[in-house]
Amino acid sequence: MSRYSYIPDQSATAAHASLQRSLKIMDEAHQCAVLWFGDIMRRRLFRELGHSSINQYAVQELGFSKSRTDDFVRLARKLEHLPAVRDAVASGDLGYTKAREIVSVATPETQDAWLEAAKETRKDLVLEVKKAKRAAKVDPAQG
């Protein structure tokens, strides 16, 4: 039994603290997993493991669904082009869920500003990302 194992019948405060700790560990594991996945994908190590594609590797070796594979591939590819975001994920300064939000709108030129925005709550970051996506859809010629 690990020190993070489920222990039933705890008080509300202890159960809440245990859940928060578990979620933090889960987020850290996602961060690390996506970096390893990106390394295997970038260096095509899946071929040495007997697979013709990263998709085949992810499904057969990792048990990923198509949507989870697509999510990891997309995030890993985006991180290749956003070195500051990748470094923040690798150092643990940026969590997996916030990284997923940022890569949907960040560019190499705007990544530092998005990392700054990620210091706010996830809810605030999601709102900023939505605003940026809406603004990107506006056609200036329509005005």
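How should the packing of aromatic side chains be read in this particular structure?
We describe a pair of aromatic rings using the distance from one ring centre to the other and the angle between the two ring planes. All told, the structure shown has 4 aromatic pairs when counted by the stated rule. Between the aromatic rings of Phe37 and Phe64, the centroid separation amounts to 6.0 Å while the plane-to-plane angle is 15°, which identifies the pairing as stacked. Here Phe37, found in helix H1 (residues 12–42), pairs with Phe64, found in the loop between helix H3 (54–62) and helix H4 (66–81); they are 27 residues apart in sequence, far enough to count as distant. For the residue pair Phe37 and Phe64, the accessibility class agrees, reading buried in each case. When the ring of Phe37 is compared with that of Phe72, the centres are 5.4 Å apart and the planes differ by 75°; the resulting orientation is edge-to-face. Of this pair, Phe37 sits in helix H1 while Phe72 is found in helix H4, placing the two residues 35 residues apart along the sequence. Counting every residue linked through ring pairs, the aromatic cluster contains Phe37, Phe64, Phe72 and Tyr96.

Looking at this structure, I do not really get a positive patch on the surface. What am I missing?
Residues Lys130, Lys133, Arg134 and Lys137 make up a contiguous surface patch of positive charge. Position of Arg134 among the secondary structure elements: in helix H8 (residues 122–137). Here Arg134 falls in the exposed class, since its relative accessible area comes to 53%.

Teacher, can you tell me more about helix H5 (residues 83–91) here?
Because each turn of an α-helix spans 3.6 residues, side chains separated by three or four positions end up pointing in the same direction. Val85, Ala88 and Val89 are the residues of H5 that are buried. Down the axis of H5, the smallest arc covering the buried residues is 100°, so these residues share one side. Those residues of H5 that are buried lie in contact with H1, H4, helix H6 (96–103) and helix H7 (111–117).

What's the story with H1 in this structure? I'm lost.
Taking 1.5 Å as the rise per residue, H1 with 31 residues should run 45 Å; its terminal C-alpha atoms sit 45 Å apart, in good agreement. Ser18, Gln31, Val34, Leu35, Phe37, Gly38, Asp39, Ile40 and Met41 are the residues of H1 that are buried. Where H1 is buried, its residues touch helix H2 (45–48), H3, H4, H5 and H6. Residue Arg44 follows H1 closely and has a positive phi angle near 55°.

Just to check I follow, could you spell out the layout of surface pockets for this structure?
Sizing a probe to match a water molecule and rolling it over the atoms shows the empty space that remains. Looking at the largest pocket, its volume works out to about 210 Å³. Lining of the largest pocket is provided by 13 residues; of these, Ser5, Tyr6, Ile7, Gln10 and Ser18 occupy positions nearest its centre. Tallied by class, the residues present in the lining of the largest pocket amount to 6 nonpolar, 4 polar and 3 charged. If you go around the second largest pocket, the residues you meet are Met41, Arg42, Arg44, Phe46, Arg47, Ser52, Ser53, Ile54, Arg77 and Glu80. Looking at the lining of the second largest pocket, the elements with two or more residues in it are H1, H2 and H4. A breakdown of the residues in the lining of the second largest pocket according to their chemical character gives 3 nonpolar, 2 polar and 5 charged.

Calculation notes
Residues numbered from 1 in each chain as written. Predicted model: local features only at pLDDT ≥ 70, side-chain atom pairs only at ≥ 80, totals over all residues. Heavy atoms only, no water. Phe/Tyr/Trp six-rings, centres within 6.5 Å; stacked < 30°, edge-to-face > 60°. Helix = DSSP H or I, 4+ residues; strand = E, 2+ residues; numbered from the N terminus. Buried < 20%, exposed > 50% of the residue type's maximum accessible area, 1.4 Å probe, protein only. Patch = residues over 30% accessible without salt bridge, like charges linked within 9 Å, V, L, I, M, F, W, Y side chains within 5 Å. Areas by Shrake-Rupley, 256 points an atom, 1.4 Å probe, with all protein chains shown as cover. Salt bridge = Lys/Arg side-chain N within 4 Å of Asp/Glu carboxyl O. Lys, Arg positive; Asp, Glu negative; His and termini not counted. Charge placed at Lys NZ, Arg CZ, Asp CG, Glu CD. Arc of directions from axis to C-beta. Contact = heavy atoms within 4.5 Å. Expected span 1.5 Å × (residues − 1). 1 Å grid on protein atoms, 1.4 Å probe; cavity = no way out; pocket = protein on both sides within 12 Å on 5 of 7 lines; lining within 4 Å. Points joined across faces, edges and corners; volume = space filled by probe spheres on them. Nonpolar A, V, L, I, M, F, W, Y, C, P; charged D, E, K, R; others polar.

Remember that the coordinates give geometry; whether it matters functionally is a separate question.
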